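Here are the chains, one letter per residue:
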Amino acid sequence: MNPEDVEACFTTPRGYRFARWARPVVPVVFGVEGPSLDVLKQAIEATVFAAGHRMAETDPELGANLMIFFLRDWQELAALDNLGQMIPDLDRLLPRLEAERALQYRAFRFEASGAIQASFVFLRMAGALATQPAAELGLEQAVKSMLLWGPGAFAERSPLARAEGGEAVLRADVAALLRAAYDPVMPEAAEDPSHALRLAARMR
């Protein structure tokens, strides 16, 4: 990626906005069982370690801070206890997701520093998501949860690529960007586009 590509990954309607996790990631997955659950957690763990970040058994404040929900339809969200406390605009969000026939939605909470404090991922298992292997789904959702990506980051191209054996892996440029983003000398959050220049330099 050149600096312009990196900047585009974190450009939002509000301008440039970058954030990464400061605290260790503690995932929990709802709505799947057995082998699929193990595969999903392994994919999340692999992505976190590929970025050079950390995981933990529990978050002292939140318990779990990366929550992934698998749903059959969006109305299931309305039945989840205390979800309104985590997603304040839930009453307005549900009709919009249904009207758009959305397959996924992601929300973040932030530390006072601007770093990611928690991420909530909701996946409606229909269409392409319903046929995606668990390992690929886990990798893709983990990548999308590790940074505050802009809406155009993966609009035209998946963060995954195919290895020679057909196995899905992180794209080399995406993996390099993750590592650069989690370099200890880099800030946990940034709103100045010059930050993209520093990321691009570390990728090389």
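What counts, and where the lines are drawn
Residues numbered from 1 in each chain as written. Predicted model: local features only at pLDDT ≥ 70, side-chain atom pairs only at ≥ 80, totals over all residues. Heavy atoms only, no water. 1 Å grid on protein atoms, 1.4 Å probe; cavity = no way out; pocket = protein on both sides within 12 Å on 5 of 7 lines; lining within 4 Å. Points joined across faces, edges and corners; volume = space filled by probe spheres on them. Helix = DSSP H or I, 4+ residues; strand = E, 2+ residues; numbered from the N terminus. Nonpolar A, V, L, I, M, F, W, Y, C, P; charged D, E, K, R; others polar. Buried < 20%, exposed > 50% of the residue type's maximum accessible area, 1.4 Å probe, protein only. Contact = heavy atoms within 4.5 Å. Pairing = 2+ DSSP bridges. Right-handed = clockwise from strand over helix to strand, strands pointing away.

Draft legend 1. Geometry of the layout of surface pockets. One number sums up the size of the largest pocket: a volume of about 670 Å³. Together, 18 residues line the largest pocket, and Arg106, Phe108, Trp149, Gly150 and Pro151 are the ones closest to its centre. Among the elements that take part in the lining of the largest pocket, strand 6 (residues 104-110) stands out by supplying 5 residues, more than any other. For the lining of the largest pocket, the per-class residue count stands at 11 nonpolar, 3 polar and 4 charged.

Draft legend 2. Structural view of the side chain of lysine 144. One can find lysine 144 in helix 6 (residues 134-146). For lysine 144, a relative accessible area of 15% corresponds to the buried category. Leave out the neighbours within four places in its chain, and lysine 144 touches Gln104, Arg106, Phe108, Trp149 and Phe154.

Draft legend 3. Local environment of the pairing of strand 4 (residues 27-30). Of the two faces of strand 4, the one lined by Pro27 and Val29 is fully buried and the one lined by Val28 and Phe30 carries no buried residue. In terms of strand pairing, strand 4 meets strand 5 (residues 66-71) through 4 bridges, oriented parallel. Across the sheet, the residue bridging to proline 27 is leucine 66, located in strand 5. Between the parallel elements strand 4 and strand 5, the chain passes through helix 2 (residues 34-50) in a crossover that is left-handed.

Draft legend 4. Spotlight on empty space enclosed by the protein. Under the defined criterion, the tally for this structure stands at 1 cavity of 30 Å³ or more. For the lining of the largest cavity, the secondary structure elements donating two or more residues are helix 2, strand 5 and helix 6. Broken down by element, the lining of the largest cavity gets its largest block of residues, 3 residues, from helix 6. In the lining of the largest cavity, the residues fall into 5 nonpolar, 2 polar and no charged.

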